[in-house]
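# Overview (structure and organization)
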Amino acid sequence: MRLDVVTIFPEYLEPLNVSLVGKARTRGQLDVRVHDLREWTHDRHHTVDDTPYGGGPGMVMKPEPWGEALDAVIGSATEQDEAGPALIVPTPSGRPFTQALAVELSQRPWLIFAPARYEGIDRRVMDEYGERLDVYEVSIGDYVLAGGEAAVLVITEAVARLLPGVLGNADSHRDDSFAPGAMASLLEGPVYTKPPEWRGRAIPDVLVSGHHGKIARWRRDEAFRRTASHRPDLIERCDPSSLDKGDRAI
Ligand code: ADE
């Protein structure tokens with residue numbers, strides 16, 4: 001998968017060299033290219049923002065540098081990139097970033113991220129590229145960040161771990177909270193490892209019982225309890241047929 005990020009803070013994307021995403025890059029599973037938006041400005045001060053039409057606080061990112069930058073990145077397509085990119089614009093006014101959207105994006109061969117600072121990017125940029133590409137305006141949560149770069153890191157990590165061969169154990173995301181399947185719409189319950197006792201705290205006996213049916217039932221009950229406590233909305237929204245007798249007993 002190819003990922004391009006156009007930003008005024010290229011150094012903010014350094015974490016893409018580390019851990020899971022960093023390893024995926026070294027292994028050639030991810031081709032990440034970070035670009036400085038200011039390279040596509042032509043004035044002495046490398047201006048990327050201006051005052052908003054209609055008044056109001058803050059500044060708006062100018063369309064010209066974005067247009068030139070995106071044309072250059074899109075124009076750098078090689079034969080390998082024949083499927084064409086999708087443009088991801090992180091913004092608190094976007095559609096919610098969910099596991100389902102992470103799965104959808106992980107199936108695209110090329111993503112271009114356009115993280116904004118200030119009050120956002122001039123609307124005409126999204127309108128212009130929306131005529132040529134799939135444009136996803138995405139919010140990572142109901143809070144306002146100082147800019148979209150942190151959202152790029154979040155989205156990239158959620159997407160990269162879904163790519164074939166990136167996670168050591170392909171089953172690791174099967175039981176993820178929000179993963180499709182039997183545990184759909186339930187959060188993951190608690191997990192334990194050795195030692196069997198730590199600071200006087202023992203692990204639940206069932207986990208060393210060797211009884212797979214009982215372990216599965218316990219995991220499901222714990223997931224159900226945790227979901228009811230932290231995210232009751234997920235249970236209210238779920239398809240009742242996805243709940244079993246054990247769930248209903250809780
Ligand atoms: N930029 C600022 N806040 C954001 C958010 N919540 N999600 C995505 N991009 C953002």
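Residues numbered from 1 in each chain as written. Predicted model: local features only at pLDDT ≥ 70, side-chain atom pairs only at ≥ 80, totals over all residues.

## Some thoughts on the domain arrangement of the protein chain
Reports often express the size of an interface as the amount of accessible area lost when the parts come together. Here the protein chain is partitioned into domain 1 (2-170) and domain 2 (174-249). Look at where the C-alpha atoms of domain 1 and domain 2 centre, and you get two points 35 Å apart. (Domains from an automatic or database assignment.)

## Focus on the site of the ligand
Lining the immediate environment of the ligand, one finds Pro90, Thr91, Pro92, Ser139, Ile140, Gly141, Tyr143, Val144, Leu145, Gly148 and Ala151. By residue number, the principal contributor to the shell around the ligand is strand E5 (residues 86-96), which donates three residues. Its residues assigned to classes, the shell around the ligand comprises seven nonpolar, four polar and no charged. (Near = placed C-beta within 6 Å. Helix = DSSP H or I, 4+ residues; strand = E, 2+ residues; numbered from the N terminus. Nonpolar A, V, L, I, M, F, W, Y, C, P; charged D, E, K, R; others polar.)

## Observations regarding the nonpolar core
Of all hydrophobic cores here, the largest spans 43 residues; its most connected members are Ile88, Ile112, Ala114 and Ile155. Among the elements that take part in this core, helix H5 (residues 149-160) stands out by supplying seven residues, more than any other. Filtering out sequence-adjacent residues up to four positions away, isoleucine 155 remains in contact with Ile88, Phe97, Val138 and Ile140. (Core = buried A, V, L, I, M, F, W, Y, C linked by C-beta atoms within 7 Å. Buried ≥ 20, exposed ≤ 12 C-beta atoms within 10 Å, placed from the backbone. Contact = placed C-beta atoms within 7 Å.)

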